[in-house]
Amino acid sequence: MRKISFFDTTLRDGEQTPGVHLSVERKVDIARRLEKLGVDVIETGFPASSKSDFEATARIAGESGAVVCALARANDSDVKIAADALSGAKKPRIHVFIATSDIHLEKKLGITREEAIGAVKSSVSLAASFGAEVQFSAEDATRSDREFLVKIFTEAIRAGASVVNVPDTVGYAVPEEFAALITYLKENVPGADSVRWSVHCHDDLGLAVANSVAAVYAGADQVECTVNGIGERAGNAALEEIAMILTMRGKEADIGHGIVTREITSASRFVADVTGIRPAPNKAVVGVNAFNHASGIHQHGIINDRHTYEIMDPRDVGLDESTITLGKLSGRHAFAERAKALGYDLAKNGINAAFSRFKEIAEKKDALTDEDVRAIISEYLDGLEGKFRISSFQIQSGNKIKSMALITLSAGDEEYTEAAPGDGPVDASFNAVNKIAAPFIGGGDVDLLSYGITAVTEGADALGEAKVRIRSGEAVFTGRGVSTDIIKASIKAYLNAMNKLIAAAEEKGGNP
Ligand code: KIV
Ligand code: ZN
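Not measured: the values here are computed from a predicted model. (Residues numbered from 1 in each chain as written. Chains lettered and ligands numbered in written order. Predicted model: local features only at pLDDT ≥ 70, side-chain atom pairs only at ≥ 80, totals over all residues. Heavy atoms only, no water.)

So, about the sheet that holds strand β12 (residues 414-422). Spatially, 3 strands are ordered β10-β11-β12 in an open sheet, and the strand pairing comes out antiparallel. Across the chains shown, the open sheet's two edge strands, defined by having one partner strand only, are β10 (389-396) and β12. On average, each strand axis in the sheet is inclined to that of its neighbour by 15°, with strand direction left out of account. For strand β11 (residues 403-411) and β12, the ladder comprises 9 bridges, and the chain directions are antiparallel. Among the inter-strand pairings, Ala411 is bridged to a residue of β12, identified as Glu414. Along the sheet, helix α16 (residues 425-437) contacts β10, β11 and β12; its crossing angle with β12, the most-contacted strand, is approximately 135°. (Pairing = 2+ DSSP bridges. Helix = DSSP H or I, 4+ residues; strand = E, 2+ residues; numbered from the N terminus. Axes fitted to C-alpha atoms, helices over the stretch in contact; angles between N-to-C directions. Contact = heavy atoms within 4.5 Å.)

Next comes the structure, spelled out in structure tokens:
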């Protein structure tokens, strides 16, 4: 059986999803989930691009048993930084990339094809000199000249790359053509048999998974993907979809993989919680409707025999309905056990205090489901990281008066209070938060791109989950807040996004 490697880039390309900013701690948490999920390679980030990517790579390298991979442009400085970040890894991989299409070479890099080849030779051999495995990617491969691709892959292999990656960077390829490209490269690159061939597909035309699978059938050995398909623009190929396609259909072609499919649902929900990006309800494998049968005819068929309308057993992706609900009488132990089953190790993450938050909500709500517990913990984790917390708020609102909010936020031992009017209580609260935050973000404008509130579960006592997206300059930040009080949930969500903006401004020493 030919084993396909899963190269997960949730922490690198996935983090490039607009509005997603993962702290080092959350990257480490996700990496632990990915290892449990059985991925072969974890791409942790681009160490030369930021301090936090460097630190996350070093932290994950120090504890992971998987191959830990760091991205580097094809230059000596990036490669040295990546090697340094990976120095504690048991199985380090340096991922060197350069664009190969003429449009990227001319318009983005301003270099010739020959100069690109020179950069690849020197950076790949430098990467190999650190003793790490080296992967080379030809960015925008699907819009590159085929003969030039053969040349650059040949040089990368000669210089020491043992994995070569063919990215469909802009999601332009269609399956037949992409499969043919893999076949062509494998037939024409000298030394092709001595390396592993990888593919990296984006979803601009909704074909990322189809292209990846077509490439696997054409001989690719590694697929690059992200949990829930998150990533730049329309995202990357979804790990869970490729894993289930190969599980359901791979055997016919003698193709296997090491993904522990029963971990899929929990990994998907974990990544959705941490990133704030929920899969669409109709998303294959992990959408909330993926195993829901609504029509009477289908329900009837399912009752008689599940296989009438279900090709996958929901239990194979870890979708077991929990029968346990927690409530105000539940103790710390029951809460910790439930949290653990949902993928949160309270002891490891040092979040035992999440229990008091749980108790606070359990006092107001009869029964807390898994979704409630998940929302409470992930919101608590988000709140741990920000500069400001809510100390108190007072809102004045009505149909005959202008809404006013008076908000006090704490940052360490300091308290900051501001009042602001607004068009309704939520707007007034956001304006008050803006006034407090202004000095910490260089005073620039903050635009509210979206705001929404949904019930986490059903019923009159449901928890409200507020989500916001804000923009400062080019940077977008998302925030989430949970409470039985929707105004409080809204302020928390806004503050959560604002805290991320402040952290980004601090990392850059000014405006993000
Ligand atoms: O999409 C792309 O081409 C990439 C490369 C860095 C592999 O993400
Ligand atoms: Zn990409």
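That shown, we press on.
Listed as protein donors to the zinc ion (ligand 2) are Asp13 (OD), His200 (NE2) and His202 (NE2); their distances from the metal cover 2.0 to 2.1 Å. Donor residues for the zinc ion (ligand 2), ordered by position in the chain, follow D-x186-H-x1-H. Of the two residues, Asp13 is situated in the loop between β1 (2-8) and α1 (24-37) and His202 in the loop between β7 (196-201) and α8 (208-217); the sequence distance between them amounts to 189 residues. (Donors = N, O, S within 2.8 Å, 3.2 Å for Na, K, Ca; no water.)

Alignment of β10 against β11, held across 7 bridges, turns out to be antiparallel. By the bridge assignment, Ser392 is partnered in β11 with Thr408. Between β10 and β11, which pair antiparallel and follow one another directly, the connecting turn spans 6 residues.

Turning our attention to the site of ligand 1. Inspection of the region around ligand 1 gives Arg12, Asp13, His95, Phe97, Ser137, Glu139, Asn165, Pro167, Thr169, His200 and His202 as its neighbouring residues. Here His200 contributes a side-chain N or O atom positioned 3.1 Å from an oxygen atom of ligand 1. Separating an oxygen atom of ligand 1 from a side-chain N or O atom of His202 is a distance of 3.0 Å. Contributing elements (two or more residues each) for the shell around ligand 1: β4 (92-99), β5 (133-139) and β6 (163-168). Within the shell around ligand 1, the residues separate by chemical class into 2 nonpolar, 6 polar and 3 charged. (Near = heavy atom within 4 Å. Polar contact = N/O pair within 3.5 Å; in protein donor to acceptor, adjacent residues only side chain to side chain. Nonpolar A, V, L, I, M, F, W, Y, C, P; charged D, E, K, R; others polar.)

A full pass over the atoms with the stated rule returns 12 aromatic pairs. Summarising the aromatic geometry, the rings of Phe335 and Phe355 are spaced 5.6 Å apart at their centres and angled 50° between planes, so their arrangement reads as tilted. Of the two residues, Phe335 is situated in helix α12 (residues 332-341) and Phe355 in helix α14 (residues 354-362); the sequence distance between them amounts to 20 residues. This pair shows no difference in class: Phe335 is buried, exactly as Phe355 is. Put simply, the rings of Phe136, Phe153 and Trp197 touch in pairs and so form one group of aromatic residues. Cation over ring: Arg146 sits above Tyr184, and NZ or CZ is 4.7 Å from the ring centre. (Phe/Tyr/Trp six-rings, centres within 6.5 Å; stacked < 30°, edge-to-face > 60°. Buried < 20%, exposed > 50% of the residue type's maximum accessible area, 1.4 Å probe, protein only. Lys NZ or Arg CZ within 6 Å of the ring centre and 35° of its normal.)

Take the domain arrangement of the chain next. As far as domains go, the chain holds domain 1 (2-275), domain 2 (322-383) and domain 3 (389-507). Summarising the inter-unit geometry, the C-alpha centres of domain 1 and domain 3 are found 37 Å apart. At the junction of the two partners, domain 1 supplies 9 residues and domain 3 supplies 5 residues. Ranking the residues of domain 1 by area buried against domain 3 places Gly19, His21 and Asp273 at the top, with a combined share of 62%. (Domains from an automatic or database assignment. Buried area = accessible area lost by both parts, 1.4 Å probe.)

A word on the nonpolar core. Residues Phe136 and Phe153 are the most contacted members of the largest nonpolar core, which totals 113 residues. Considering each element in turn, this core owes the most residues, 8 residues, to helix α6 (residues 146-159). Those residues in contact with Phe153 that sit more than four places away from it in its chain are Phe136, Ala138, Val164, Asn165, Val166, Leu185, Val189 and Trp197. If you look at the next biggest cluster of nonpolar residues, it comprises 31 residues, including Ala405, Ala428, Phe430 and Ile491. (Core = buried A, V, L, I, M, F, W, Y, C linked by side-chain atoms within 4.5 Å.)

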